[in-house]
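Observations on chain architecture
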Amino acid sequence: MPAQWTGDLVGRMHNAGVTAKQLAAELGKNPKYVSGVLNGHYSPKKAEEEFNSAFQRIVEQVHSTT
């Protein structure tokens, strides 16, 4: 079962129009790996902080260009 933080992040990604591919690119990781983490198949130790930070960077980049 996916961790609570992954559901929260997926919801925020949806609301912000951020795709898993964009998140994977920002993280420098394979999109299949990112999907696996978001779907609860993998639980790396620092994933929550790493993924949330990458999401925040994407959102800030979008806002700085608009």
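Read on for an overview of the structure. Please read these numbers as outputs of a predicted model, since none were measured by experiment.

**Brief notes about the packing of helix 1 (residues 4–16) against helix 4 (residues 47–65)**
Interhelical geometry of helix 1 versus helix 4 gives an angle of 10° and a closest axis separation of 11 Å. Between helix 1 and helix 4, the angle is such that the two are roughly parallel. Contacts between helix 1 and helix 4 pair Trp5, Leu9, Arg12, Met13 and Ala16 from the former with Ala47, Glu48, Phe51, Asn52, Phe55 and Val59 from the latter.

**What about the environment of Asn52?**
Among the secondary structure elements, Asn52 is positioned in helix 4. Distance in space between the C-alpha atoms of Asn52 and Lys29 is 14 Å, their sequence separation being 23 residues. Look past the residues within four positions of Asn52 in its chain and what remains in contact with it is Trp5, Leu9, Arg12 and Ala47.

Calculation criteria
- Residues numbered from 1 in each chain as written.
- Predicted model: local features only at pLDDT ≥ 70, side-chain atom pairs only at ≥ 80, totals over all residues.
- Heavy atoms only, no water.
- Axes fitted to C-alpha atoms, helices over the stretch in contact; angles between N-to-C directions.
- Helix = DSSP H or I, 4+ residues; strand = E, 2+ residues; numbered from the N terminus.
- Parallel < 35°, antiparallel > 145°, perpendicular 65-115°, else oblique.
- Contact = heavy atoms within 4.5 Å.

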